[in-house]
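Results of the structural survey
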Amino acid sequence: MTMQAISAQAVVAPSAKLGTGVQVGAYAVIGDDVELGEGCVLHAHAVIHGPSRFGKNNVFHPFCSVGADPQDLKFHGERTELIVGDGNVFRENVTVSRGTAGGGGKTTIGSGNLFMAYSHVAHDCHVGDNTIFANGATLAGHVDVEDFASIGAFSPVHQFCRVGRYAYVGACTVITQDVPPFSLVVTERETKCYGINAVGLERQGFSAGRLKALERAFRLLLRAKLNTSLALEEIRKTLGDSADVQELIRFIETAERGIVK
């Protein structure tokens, strides 16, 4: 069995229980009433609060805060818990709250989950196994996320909602109702291109002539009621002597996912 490796700069509460092979980096903090299973790794500056129990081989990256008090005004210090399975990864600045008395007193997380940077699991949530929380994915309180679900970057899930098994929530999608299992859910995309970045280009020293050529090219591309191929033909025919316009044409012709128009 591998012995524990605890940095001299780490802070470990006397009541904490650490399994074999646990590694604790410099300035990491393990609070009172924390149980860590064998093989868990705390990188520098990671913080774990109790009461909380963790299984084996969980990894905590710098500046995550796992097991903290719930962000609920009704919480007044009563004993609540966080219970976590095996093999989870908590990346930088991830936050996970314990439960509240009104929500059953427990936040639970299964095994094999990836919580990317800045994702958040609020009080009384229940997360299954093998889920993925992309950067900034956020659960409000009392949310259930079932096995193999994925929640996209910067997507908030409203309290008391459920995300079913194998569901995929696309980035920047606001969830206010239950997400069915096996589904793909994404907000409508209305991103548009409005023309050239005139102020930024002027600040970078673009001359009036260069700006005029680009403005004419974008006018053909966006407002001439031509499809992209026809617009490129017209741009090449009328503005092909501009190096900036040639760069624009090359960029569009090599786009594998299309362009924002």
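In short, a report on the structure.

Each value, and the rule that gives it
- Position numbers for residues count from 1 along each chain, tracking the sequence in the order it is written.
- The predicted origin of the model limits local features to residues at a pLDDT of at least 70 and limits the giving and counting of side-chain atom pairs to 80 or more, whereas totals for whole chains, interfaces and linings rest on all residues.
- For side-chain calculations, the full set of non-hydrogen atoms in the structure is used, while hydrogens and water are omitted.
- In this description, a line fitted to the C-alpha atoms serves as the axis of each element, helices being fitted only across the stretch in contact, and the angle between N-to-C directions of two axes falls anywhere from 0 to 180 degrees.
- Every helix listed is a DSSP run of H or I at least four residues long, and every strand listed is a run of E at least two residues long, numbered separately from the N terminus.
- Roughly parallel here means an angle under 35 degrees, roughly antiparallel means over 145, roughly perpendicular means 65 to 115, and every remaining angle is called oblique.
- Crossing handedness: left-handed means the near helix sits turned counterclockwise from the far one by under a right angle, and right-handed means the same turn made clockwise.
- Any two residues having at least one pair of non-hydrogen atoms within 4.5 Å are treated as being in contact.
- Polarity classes work like this: nonpolar for Ala, Val, Leu, Ile, Met, Phe, Trp, Tyr, Cys and Pro, charged for Asp, Glu, Lys and Arg, and polar for all others, with Gly in that last group.
- At least two bridges found by DSSP between two strands are what make those strands a pair.
- Exposure above 30% relative accessible area and the absence of a salt bridge qualify a residue for a patch, where like charges join within 9 Å and nonpolar side chains (Val, Leu, Ile, Met, Phe, Trp, Tyr) within 5 Å.
- Computed with the Shrake-Rupley method and a 1.4 Å probe, the accessible areas treat only the protein chains shown as cover for residues.
- A carboxyl oxygen of Asp or Glu within 4 Å of a side-chain nitrogen of Lys or Arg is what we treat as a salt bridge.
- Positive charge is attributed to Lys and Arg, negative charge to Asp and Glu, and no charge count is given to His or to the chain ends.
- To locate a charge, take NZ of a lysine, CZ of an arginine, CG of an aspartate or CD of a glutamate.
- Relative accessibility under 20% of the residue-type maximum defines a buried residue, over 50% an exposed one, and the middle range a partly exposed one, all with a 1.4 Å probe and only protein chains included.

The contact between helix 3 (residues 228-239) and helix 4 (residues 243-253) brings their axes to 10 Å, and the two run at 160°. Between helix 3 and helix 4, the interaxial angle falls into the category roughly antiparallel. The interaxial crossing formed by helix 3 with helix 4 has left-handed handedness. Contact with helix 3, carried on its side by Thr228, Leu232, Ile235, Arg236 and Leu239, involves Val245, Ile249, Ile252 and Glu253 of helix 4 and no other residues of that element. Taken together, the residues of the contact of helix 3 with helix 4 break down into 6 nonpolar, 1 polar and 2 charged.

What follows deals with the sheet that holds strand 7 (residues 41-42). Taken in spatial order, the 10 strands make up an open sheet running 1-4-7-10-13-16-19-22-25-26, and their pairing is parallel. Of all the strands in the sheet, the pair left with one neighbour each is strand 1 (5-6) and strand 26 (184-185).

Next up on the list: a positive patch on the surface. Together, Lys212, Arg216, Arg219 and Arg223 make up a region of like positive charge exposed at the surface. Mapped onto the elements of the fold, arginine 216 is located in helix 2 (residues 208-223). Look at arginine 216 and you get partly exposed, because its relative accessible area is 38%.

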